[in-house]
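For reference, the chains in residue letters:
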Amino acid sequence: MGSLKVDYDRTSIPAVYDRGRDHGPEVLNLWMTVIESRVDGGSISTILDLGCGTGRFSEGLASRFGARVVGVDPSEKMLDQARRKRQGNRIHYQRGTAEAIPLMDGAVDMIFMSMGFHHFHDPQRAARECRRVLRADGSVVVRTGTREQIPSYPYVPFFPSTRSMLEDLLQNHSRLCATFETVGFRCVQSRIVRQTLAPTWSAYAVKLSAGGDSVLARLGEDELARGLEAIRRYGDGPGRRPVVELIDVLFFRLRESAAYQAACTRRRPARSMSRRG
């Protein structure tokens, strides 16, 4: 199987991405609340939305934290969609990759990534870049899929070939943590968030048929059509509940944060502080 990493500028996905992947204000508010529960919003003035795509979360981040948001993505088509719906002047979009973030050292207080980590060509280099542009007391928030959650993804039973695709594409939880920990981060919390994708299975089929999912985009027309029809038939059954998905979120901080350094300083001989003047 060839690489599942997507060059969105060579596809038609950006134009339909929001129709298939935007889950409404309730889900956006859910994720802003999840982030806010773990980071100190009062200390955040600049946020990097890394792999921002069409800017689905950029406006929410700017509004919830009262911060300037820099959205970085390698796809000019995705960024064009983001710029079209931008409101106000607190959000700036710039083309760039996670492996070479176009920002100065220590430029941001928080880095947010949503469903982009598996598209990075060199995850460890991307983690090093996150360390470079993050301020000492900053946080990295990774919203992502993991191999452990693949069996729970609602479309997998209807498109059997996607299971192996997702296994090739996604990392497991421990490897994802290790990618950041080996460059100086520590995982301070990880949890699974349950989000509602659609109120009915028929509505879910409509969202999938929009063409915004890069994995489903690799399926042949016949397989895609059969799977969508199977979802609709399933949705016609009695007692069906809203369609939900389990998403991993991980919070990282630098080991050299102020609190960590203060604890180390208390253990050092007095002369070791002489350079601090």
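Criteria and cut-off values
Residues numbered from 1 in each chain as written. Predicted model: local features only at pLDDT ≥ 70, side-chain atom pairs only at ≥ 80, totals over all residues. Heavy atoms only, no water. Helix = DSSP H or I, 4+ residues; strand = E, 2+ residues; numbered from the N terminus. Contact = heavy atoms within 4.5 Å. Axes fitted to C-alpha atoms, helices over the stretch in contact; angles between N-to-C directions. Parallel < 35°, antiparallel > 145°, perpendicular 65-115°, else oblique. Left-handed = near helix turned anticlockwise from the far one by under 90°. Pairing = 2+ DSSP bridges. 1 Å grid on protein atoms, 1.4 Å probe; cavity = no way out; pocket = protein on both sides within 12 Å on 5 of 7 lines; lining within 4 Å. Points joined across faces, edges and corners; volume = space filled by probe spheres on them. Nonpolar A, V, L, I, M, F, W, Y, C, P; charged D, E, K, R; others polar.

## Regarding the environment of Arg 68
Tracing the backbone through its elements, the reader meets Arg 68 in strand E2 (residues 68–73). It is 4.7 Å that separates the C-alpha atoms of Arg 68 and Thr 46, two residues lying 22 residues apart in sequence. Excluding residues within four positions of it along the chain, Arg 68 makes contact with Ser 45, Thr 46, Ile 47 and Arg 90.

## Quick word on the packing of helix H8 (residues 201–209) against helix H9 (residues 221–235)
Between H8 and H9, whose axes approach to 8 Å, the crossing angle comes to 165 degrees. It follows that H8 is roughly antiparallel to H9 by the angle criterion. Considering how the two elements wind past one another, H8 and H9 form a crossing that is left-handed. Along the contact surface, H8 presents Trp 201, Tyr 204, Ala 205, Leu 208 and Ser 209, while H9 presents Leu 228, Ile 231, Arg 232, Tyr 234 and Gly 235.

## Regarding the environment of Gln 81
Checked against the element boundaries, Gln 81 lands in helix H4 (residues 76–84). Sequence separation between Gln 81 and Arg 56 is 25 residues, and the spatial gap between their C-alpha atoms is 10.0 Å. When near neighbours in sequence (up to four residues on either side) are disregarded, Gln 81 contacts Pro 14, Ala 15 and Thr 54.

## Quick word on the sheet that holds strand E6 (residues 185–198)
The strand order across the open sheet built from seven strands is E3-E2-E1-E4-E5-E7-E6, with neighbouring strands paired in mixed fashion. Single-partner strands in this sheet number two, and they are strand E3 (91–95) and E6. The average angle at which neighbouring strand axes cross in this sheet is 20 degrees, direction not considered. Bridge count for strand E1 (residues 46–50) against E2 is five bridges, and the pairing is parallel. Within E2, the position partnered with Thr 46 by the bridge is Arg 68. Across the sheet, H4 touches E2 and E3, and the angle it forms with E3 is around 165 degrees. The sheet strands contacting helix H7 (residues 173–181) are strand E4 (108–114), strand E5 (134–144), E6 and strand E7 (243–254), and the helix crosses E7 at an angle near 25 degrees.

## Quick word on the layout of surface pockets
Looking at the largest pocket, its volume works out to about 500 Å³. Around the largest pocket, the lining is made up of 29 residues, and of these Tyr 8, Gly 51, Asp 73, Pro 74 and His 119 lie nearest the centre. A class-by-class count of the residues in the lining of the largest pocket yields eleven nonpolar, ten polar and eight charged. Lining of the second largest pocket is provided by 14 residues; of these, Asp 22, Gly 24, Leu 28, Arg 56 and Phe 57 occupy positions nearest its centre. The element best represented in the lining of the second largest pocket is helix H2 (residues 25–36), accounting for three residues. A breakdown of the residues in the lining of the second largest pocket according to their chemical character gives four nonpolar, four polar and six charged.

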